[in-house]
Amino acid sequence: MHVARPAHYDAARRRLLRGIAAAVAAISLAGLATPALAEGPWQRLEAARSVLGDTEPSTQGLVLDLPHVSEDGASVALTVGFDGELADDDHISRIDLFATANPSPEIATFHLTPLSGKAEISTRVRLNETQQVIAIATSHQGERFATAREVRITVSGCLMRNGGDQPEPLSNPRVSIPSSFTPGQPEAVRTLINHPMETGLREDTNGEIVPRHIVERFTVRLNGSTAFEAELHQSISASPYLLFYLSPEEEGEAVFEWQDDTGASATHEASIKAG
Amino acid sequence: MKRVFPIASLPLVSLLLVGLPMTAQAEETFSDAQLEVMAGSCANCHGTEGRLAGSVPTIAGRPADVLSSRLLDFKHEENGETTIMDRIAKGFTDAELEALARHFAGIDLENDNEPEE
Amino acid sequence: MNHRHIRNSLTRRQLIKGIAAASLLPLVGSAPFAIGGQHAGRVIVVGGGFGGATAAKYLKRANPAIEVILVEPNETFYTCPFSNLHLGGLREMDAIAHGYNELEERYGVRVIHAMAEDVDAEAHKVTLSTGRELDYDRLVLSPGVDMRWNALEGYDEEAAEKAPHAWKAGAQTELLRSQLEAMDDGGTFVMVAPDNPFRCPPGPYERASLVANYLAQYKPKSKVLILDAKDNFSKQGLFTAGWEQLYGDRIEWVGLSNDGRVTRVDADRLEVETEFGTVHRADVLNVIPPQKAGWIAERAGVTDDSGWVPVKPETFESRQVDDIYVVGDATVAAPMPKSGFCANAQAKVVAAAIAASLESRPAPEAYWTNTCYSLVGPEYGISVAGVYRVQDGVIAEVEGAGGLSPADASEDTRALEAEYAVGWYNAICQDTWGTPLGGRVT
């Protein structure tokens with residue numbers, strides 16, 4: 001079954017490609033011999049620096065797509081993707097996301113493998129206030145790439161919170177995955193699960209802090225091998241949504257597992273054909 | 001020689017003393033163009049220049065002190081009567097509300113045929 | 001500025017005012033604005049809705065000597081606000097119809113019923129669908145929104161004739177109404193609601209309310225299903241409580257995180273498919289697709305990659321092109337919502353800014369208020385208000401002001417707000433176009 005990509009992410013993908021083109025053009029115009037540019041907000045964020053280590057990242061190739069303005073900081077659509085140059089036997093193995101002005105800056109860490117096929121992920125994040133969002137990509141061979149985008153968050157009175165029912169944790173796992181794959185052709189896979197993603201910073205109506213309760217880990221296994229994995233933090237919006245790519249080589253079983261910080265988990269299985 | 005205030009300035013001084021309000025905020029004057037913009041959104045419920053009558057009351061030509069006390073009440077009092085004006089009045093300073101009151105009080109109800117400046 | 005010979009039907013009073021404004025000599029020749037060699041300037045306004053018509057009128061109020069040309073294809077303008085009442089069988093189309101007579105006759109605005117097809121910002125020219133080119137000193141664009149066709153797979157202009165959006169009032173409103181009237185009892189009215197930003201945040205939910213009200217009376221076995229690309233919507237708590245109170249379980253809302261986002265529309269079969277593959281069949285299908293600024297904005301070069309128009313907050317002049325001002329739904333004016341009320345308020349700031357700019361004096365400080373009234377039922381009104389100022393270089397809500405109707409309001413309060421909603425509609429239409437076409441102010 002071919003599922004149409006949500007229009008929002010199509011637009012995001014077009015923006016991504018335009019952004020890549022613009023970035024490439026900008027760099028060529030600048031006449032830089034090497035793509036390395038050290039300066040950026042990632043230097044000022046300790047959490048980001050610890051991922052970078054001593055390396056100065058390249059700013060060419062990694063693109064972060066976010067709206068310029070969002071009226072609802074609780075759920076901001078984000079797409080991060082790499083379309084730059086890598087050695088033939090190299091691949092992006094890790095992407096980290098940070099929100100510089102959130103109470104806790106780590107948003108998520110994604111682990112990719114050759115079974116991912118394409119280094120592009122979409123999700124929805126919580127942004128506390130206007131700020132820079134940083135993405136850092138690490139390749140299998142240790143190359144590092146970084147980029148940042150500023151998002152203005154306005155609190156629109158029109159979007160006052162419902163204050164209604166919190167979703168049942170780990171309920172209703174949903175996966176949209178093509179039933180068959182062509183080898184060498186990565187396809188988008190969408191996943192969703194209900195979960196309050198309670199930050200541990202919120203007070204209930206009695207003034208008591210509602211304890212932290214989040215989905216911490218999401219794993220995709222193809223015939224037993226991990227193909228894609230996500231470490232999630234409290235800046236991922238409630239009911240985590242993840243769109244990523246898979247490029248299976250052989251037919252078999254895909255198992256999707258969500259684990260939250262109480263140790264509870266939910267799974268979803270799908271049969272896939274490849275070839 | 002001891003400095004003596006020129007007699008001519010005395011009335012001015014007394015005017016200044018009389019003119020100072022008890023609160024810290026002096027009466028602000030806004031230009032006509034500024035008032036037009038400040039009062040702009042009022043027309044959306046009260047009609048152009050506040051002249052329209054209907055479920056939402058007319059405000060044009062009403063006495064300034066009545067309008068002013070209503071607006072300040074909307075802003076400061078827990079006024080059970082209003083559905084929306086409290087939420088709006090709280091968005092303006094007292095000086096702005098008073099200026100708006102004078103602005104609408106000054107609309108000449110007799111003369112409604114021309115586009116007013 | 002170029003000399004312009006303008007044929008225009010001004011009243012004598014306006015001519016005299018124009019002369020008085022220029023405070024000079026008696027009228028000479030056939031160029032009324034070339035008084036003593038002084039030109040107050042020409043402003044073209046594109047779009048005759050809440051934003052454009054207000055801009056035109058208030059420009060004339062600020063300085064009658066300014067030549068104002070309003071370009072609007074329709075001779076009758078149907079408002080989106082209160083069009084939901086037509087859908088709900090509570091008002092006829094003439095009650096939301098407005099004309100341009102008062103702008104022309106009382107304010108001296110020159111109204112041209114044509115489309116603006118192109119803007120040459122450097123040459124300061126607008127090209128009309130008639131082929132005519134008009135120079136401008138300043139340009140105001142109030143083009144509203146256009147639908148992003150094919151943003152939802154299968155939903156294009158043709159599909160909108162079978163599954164109407166009715167997100168521009170007029171023929172689409174009547175089409176959707178007739179479909180609802182023809183629906184069998186027991187059918188489902190399915191509405192597809194878009195992600196932010198879009199025109200009129202509470203609009204879809206007022207529509208669902210008034211459709212439910214109609215169904216409750218005339219087709220009581222029928223239901224309303226809203227498939228939403230969002231998890232939160234405007235006045236959600238108030239709507240949800242009102243729906244339960246008035247309509248029981250007649251309205252079902254499915255949010256984004258419960259697979260509410262529609263990605264594909266089959267307008268022939270009246271079917272929609274969600275992101276995770278759920279297919280819903282409708283008896284009447286109302287698709288409100290993703291939107292963007294009216295297309296003339298892109299032609300004029302004022303849109304950014306989001307498809308909307310970024311503006312300088314103090315004056316609403318385009319951030320990208322000088323001498324073009326943009327108001328209304330087309331702009332990025334968050335946190336101000338995309339509403340007719342805001343378009344009208346923004347237009348007044350623009351009129352003042354342009355009048356000041358033409359006289360080389362600084363623009364007054366900007367003030368905006370917004371109030372969005374929604375009818376959950378004919379006697380059940382709710383509202384959200386906001387007061388806005390420029391703070392630290394961006395538009396911000398004034399803290400402590402604005403807010404929602406109370407959650408626990410009495411029946412009387414809801415009824416009063418419903419009455420004020422009507423009062424608001426009459427007032428804003430009088431302020432924008434003058435009295436409604438029928439002359440009725442009810």
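Residues numbered from 1 in each chain as written. Chains lettered and ligands numbered in written order. Predicted model: local features only at pLDDT ≥ 70, side-chain atom pairs only at ≥ 80, totals over all residues. Heavy atoms only, no water.

Q: So what's going on with the overall build of chain B? Which residues, and what values?
A: The secondary structure content of chain B amounts to six helices and zero strands. Going residue by residue from the N terminus, the α and β elements of chain B occur as α-α-α-α-α-α. Here chain B holds 117 residues, and the buried ones make up 38% of them. Counted over contacts in chain B with a minimum sequence separation of 6, partners at least 24 positions apart contribute 60%. Carbon and sulfur atoms make up 59% of the accessible area of chain B, which amounts to about 7200 Å² in all. (Helix = DSSP H or I, 4+ residues; strand = E, 2+ residues; numbered from the N terminus. Buried < 20%, exposed > 50% of the residue type's maximum accessible area, 1.4 Å probe, protein only. Contact = heavy atoms within 4.5 Å. Areas by Shrake-Rupley, 256 points an atom, 1.4 Å probe, with all protein chains shown as cover.)

Q: Hey, could you go over the pairing of strand β6 (residues 116-120) of chain C for me, with residue numbers and the actual values?
A: Along a regular strand, successive side chains alternate from one face of the sheet to the other. Sheet analysis places β6 of chain C next to strand β7 (residues 125-128) of chain C, joined by four bridges and oriented antiparallel. Counterpart to D120 of chain C in the pairing with β7 of chain C is K125 of chain C. (Pairing = 2+ DSSP bridges.)

Q: Quick one: what's the story with the side chain of T331 of chain C, residue by residue and with numbers?
A: Mapping T331 of chain C onto the fold places it in strand β21 (residues 331-332). When its relative accessible area of 2% is taken as the criterion, T331 of chain C is described as buried.

Q: An account of the environment of S129 of chain C is needed here, citing residue identities and associated values.
A: Residue and element names in this part refer to chain C. Looking at the element boundaries, S129 is found in the loop between β7 and β8 (133-135). For S129, a relative accessible area of 38% gives the class partly exposed. Separated by 15 residues in sequence, S129 and A114 have C-alpha atoms that sit 6.0 Å apart. Ignoring any residue separated from it by four or fewer positions in sequence, one finds S129 in contact with A114, M115 and E117.

Q: Before we move on, could you go through a negative patch on the surface and cite the residues and values that matter?
A: Residue and element names in this part refer to chain C. Taken together, the side chains of E117, D118, D120, E122 and E133 define an acidic patch exposed on the protein surface. The leading source of residues in the negative patch is β6, at three residues. On the accessibility criterion, D120 (39% relative accessible area) is partly exposed. (Patch = residues over 30% accessible without salt bridge, like charges linked within 9 Å, V, L, I, M, F, W, Y side chains within 5 Å. Salt bridge = Lys/Arg side-chain N within 4 Å of Asp/Glu carboxyl O. Lys, Arg positive; Asp, Glu negative; His and termini not counted. Charge placed at Lys NZ, Arg CZ, Asp CG, Glu CD.)

Q: I'd like to hear about the sheet that holds strand β14 (residues 262-266) of chain C, residue by residue, with values.
A: Residue and element names in this part refer to chain C. Taken together, the three strands give an open sheet; going across it, the order is β14-β15-β16, and neighbouring strands pair in antiparallel fashion. Each edge of the sheet is formed by a strand with only one pairing partner; in this case those strands are β14 and β16 (279-281). Ignoring strand direction, the axes of neighbouring strands in this sheet form an average angle of 20°. By the bridge criterion, three bridges tie strand β15 (residues 271-274) to β16 in an arrangement that is antiparallel. The residue of β16 that forms the bridge with E273 is V279. (Axes fitted to C-alpha atoms, helices over the stretch in contact; angles between N-to-C directions.)

Q: Provide a residue-level description of the interface of chain C and chain B, including the pertinent values.
A: By a widespread convention, an interface's size corresponds to the accessible area lost as its parts come together. Each partner contributes residues to the interface: chain C has 47 residues there, and chain B has 32 residues. For the pairing of chain C and chain B, the buried interface totals around 3300 Å² over both sides, and the portion due to carbon and sulfur atoms is 54%. Inspection of the region where chain C meets chain B yields four salt bridges. Of the charged contacts, one joins E96 of chain B and R389 of chain C as a salt bridge, the two residues approaching to 3.5 Å between their closest N and O atoms. On inspection of chain C and its partner chain B, the count reaches 17 residue pairs in polar contact (both at pLDDT 80 or more). The residue inventory of the side of chain C that touches chain B, partitioned by class, reads 23 nonpolar, twelve polar and twelve charged. (Buried area = accessible area lost by both parts, 1.4 Å probe. Polar contact = N/O pair within 3.5 Å; in protein donor to acceptor, adjacent residues only side chain to side chain. Nonpolar A, V, L, I, M, F, W, Y, C, P; charged D, E, K, R; others polar.)

Q: Can you break down the UniProt feature "domain: Sulphur oxidation protein SoxZ" (unreviewed entry) in chain A residue by residue, with the values?
A: In the numbering adopted here, UniProt assigns the feature "domain: Sulphur oxidation protein SoxZ" (unreviewed entry) to residues 182-270 of chain A. Annotated as 0% helix and 51% strand, the span residues 182-270 of chain A places its first and last C-alpha atoms 16 Å apart. (UniProt positions renumbered as here; feature names shortened; annotations may be inferred.)

Q: Residue-level account of the pattern of salt bridges, with values.
A: One pass over the structure, following the stated rule, counts 33 salt bridges over all chains. As a salt-bridge pair, K75 of chain B and D94 of chain B come within 2.9 Å of each other at their nearest N and O atoms. Placement of K75 of chain B in helix α4 (residues 64-76) and of D94 of chain B in helix α6 (residues 94-105) is noted, with a sequence separation of 19 residues between them. Accessibility expressed as a relative area gives 24% for D94 of chain B, which makes it partly exposed. Here E359 of chain C and R361 of chain C are joined by a salt bridge, their closest N and O atoms 2.9 Å apart.

Q: Explain the environment of T331 of chain C residue by residue, including any values.
A: Residue and element names in this part refer to chain C. Separated by 24 residues in sequence, T331 and G307 place their C-alpha atoms 9.5 Å apart. For T331, the contacting residues outside a window of four places in its chain are V309, V311, F316, V326, K338 and Q346. Within the structure, the side chain of T331 is placed 2.8 Å from the backbone oxygen of G328, a separation counted as a polar contact.

Q: For the sheet that holds strand β20 (residues 324-326) of chain C, give the residues involved together with the corresponding values.
A: All names here are of chain C. Sheet architecture is open: five strands sit in the order β5-β2-β1-β9-β20, paired in parallel fashion. Pairing within the sheet leaves two strands with one partner each, and these edge strands are β5 (110-112) and β20. Shown here is a sheet whose adjacent strand axes are inclined to one another by a mean of 20°, direction ignored. In this sheet, β5 lies alongside strand β2 (residues 67-71) in parallel orientation, the contact comprising three bridges. Note on β5: the bridge partner recorded for L70 is V111. In the packing of helix α9 (residues 340-358) onto the sheet, contacts are made with β1 (42-46), β9 (138-141) and β20, and the angle to β9 comes to roughly 170°.

Q: How would you summarise unusual backbone geometry if you had to cite specific residues and measurements?
A: Residue and element names in this part refer to chain C. The omega torsion of the bond from N196 to P197 falls at -5°, within 30 degrees of zero and hence cis. Along the chain, P197 turns up in the loop between β11 (188-193) and α6 (203-218). Omega for the bond connecting A334 with P335 falls within 30 degrees of zero, at 10°, which places this linkage in the cis form. Here P335 shows up in the loop between β21 and α9. A positive phi angle, near 65°, is found at D323, a position not held by glycine. As for its position among the elements, D323 is in the loop between β19 (309-310) and β20.

Q: I'd love a proper account of helix α5 (residues 171-182) of chain C, names of residues and values included.
A: The first and last C-alpha atoms of α5 of chain C sit 17 Å apart over twelve residues, in line with the 16 Å expected at 1.5 Å per residue. Those residues of α5 of chain C hidden inside the fold are in contact with α3 (83-87), β11, α6 and β17 (284-287) of chain C. (Expected span 1.5 Å × (residues − 1).)

Q: Could you give an account of the nonpolar core, with specific residues and numbers?
A: The nonpolar side chains of a soluble globular protein tend to be buried with one another. Residues and elements named next belong to chain C. Ranked by internal contacts, the top residues of the largest apolar core, which has 144 residues, are W243 and I324. The element best represented in this core is α9, accounting for 13 residues. Residues lining this core come from more than one domain, with at least three contributed by each of domain 1 (40-146 + 292-364) and domain 2 (151-289). Ignoring any residue separated from it by four or fewer positions in sequence, one finds W243 in contact with Y205, A208, S209, I226, F233, G248, I251, W253 and V376. (Core = buried A, V, L, I, M, F, W, Y, C linked by side-chain atoms within 4.5 Å. Domains from an automatic or database assignment.)

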